[in-house]
Amino acid sequence: MTSPAVSRKLELILVILIVVADQITKAMVRRALELHDTIEVVPGFLSLTRVHNTGAAFGMFNAMEFPFKTAVLTVIATLALAGVAWYAVTVPPSDRLARLGVASILGGAIGNLIDRATVGYVLDYVDAYYQGWHFWAFNVADAAISIGVVLMILDLVGLGGIGVGAAFEC
């Protein structure tokens, strides 16, 4: 068993690793692709396509323009991040998967907030599709957020003791 302090340090390391991986991959995409350029990775299924999400999650409000849109969305994202951070400190040490999930969500939220605050959009580039249907483009930060939510749901339904969160055990 690790102490709560060690567990929190491991969670912080996870947050940092997600932010770093997210920012590195986005920098690589910025150098390699112009807006809407595509590199097919798995024909008929997966491409790297550079898109700019000026809206919220899943491109909501992407096409909508209003005064100070970037500033408003940045403030909203910052408040949401603060709420998740506040929640993170309230998760009991015994809720290992939830703590791992919250750390993943924090890392992803920070990664996307860096984009929004510095360039005015979130860079997305993973384009998964089948025939004519495309899933929303996403990035490392989005994947971390999605995985974090799944881990929290698994914890909520009582699967927190299955060993997945053993590295964060207290």
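In the block above lies the structure referred to throughout.
Residues numbered from 1 in each chain as written. Predicted model: local features only at pLDDT ≥ 70, side-chain atom pairs only at ≥ 80, totals over all residues. Heavy atoms only, no water.

1. A look at the sheet that holds strand S2 (residues 46-53)
Read across the open sheet, the four strands follow the order S1-S2-S3-S4; overall the sheet is antiparallel. Since the sheet does not close on itself, it has two edges, and those belong to strand S1 (38-42) and strand S4 (133-134), each with one partner. Pairing of S1 with S2, which is carried by four bridges, proceeds in the antiparallel orientation. When the sheet's bridge partners are listed, Ile39 is paired in S2 with Leu48. Across the sheet, helix H1 (residues 4-32) touches S2 and strand S3 (122-130), and the angle it forms with S3 is around 80°. (Pairing = 2+ DSSP bridges. Helix = DSSP H or I, 4+ residues; strand = E, 2+ residues; numbered from the N terminus. Contact = heavy atoms within 4.5 Å. Axes fitted to C-alpha atoms, helices over the stretch in contact; angles between N-to-C directions.)

2. Some points on the side chain of Asp22
Within the fold, Asp22 resides in helix H1. For Asp22, the residues in contact, after removing those within four places along its chain, are Gly111, Asn112, Asn139, Val140 and Ala141.

3. Structural notes on the packing of aromatic side chains
All chains considered together, the criterion is met by three aromatic pairs. Centroid distance Trp133 to Phe135: 6.2 Å. Interplanar angle 55°. Geometry classified as tilted. We classify Trp133 as exposed; its relative accessible area is 53%. Centre to centre, the rings of Phe135 and Trp136 are 5.3 Å apart; their planes meet at 75°, and the pair counts as edge-to-face. Residue Phe135 is classed as partly exposed on the basis of its relative accessible area, which comes to 34%. Here the aromatic residues Trp133, Phe135, Trp136 and Phe138 are joined through ring pairs into a cluster of three or more. (Phe/Tyr/Trp six-rings, centres within 6.5 Å; stacked < 30°, edge-to-face > 60°. Buried < 20%, exposed > 50% of the residue type's maximum accessible area, 1.4 Å probe, protein only.)

4. Focus on the packing of H1 against helix H3 (residues 96-119)
Two elements in contact, H1 and H3, have axes whose closest approach is 8 Å; the angle formed by their N-to-C orientations is 35°. Handedness of the crossing formed by H1 with H3: right-handed. For the contact of H1 with H3, the per-class residue count stands at 11 nonpolar, seven polar and seven charged. (Left-handed = near helix turned anticlockwise from the far one by under 90°. Nonpolar A, V, L, I, M, F, W, Y, C, P; charged D, E, K, R; others polar.)

5. Description of the pattern of salt bridges
Following the criterion strictly, the structure yields five salt bridges and no others. When the shortest N-O distance is used, the salt bridge between Lys26 and Asp115 registers 2.9 Å. Here Asp115 lies in helix H3 and Lys26 lies in helix H1, a separation of 89 residues in the sequence. Across the pair, exposure class does not vary: Lys26 and Asp115 are buried alike. (Salt bridge = Lys/Arg side-chain N within 4 Å of Asp/Glu carboxyl O.)

6. Observations regarding unusual backbone geometry
Unlike most non-glycine residues, His36 shows phi in positive territory, near 75°. Checked against the element boundaries, His36 lands in the loop between H1 and S1. On the accessibility criterion, His36 (56% relative accessible area) is exposed. One non-glycine residue, Gln131, lies in the positive phi region at around 50°. Examined against the element boundaries, Gln131 turns out to sit in the loop between S3 and S4.

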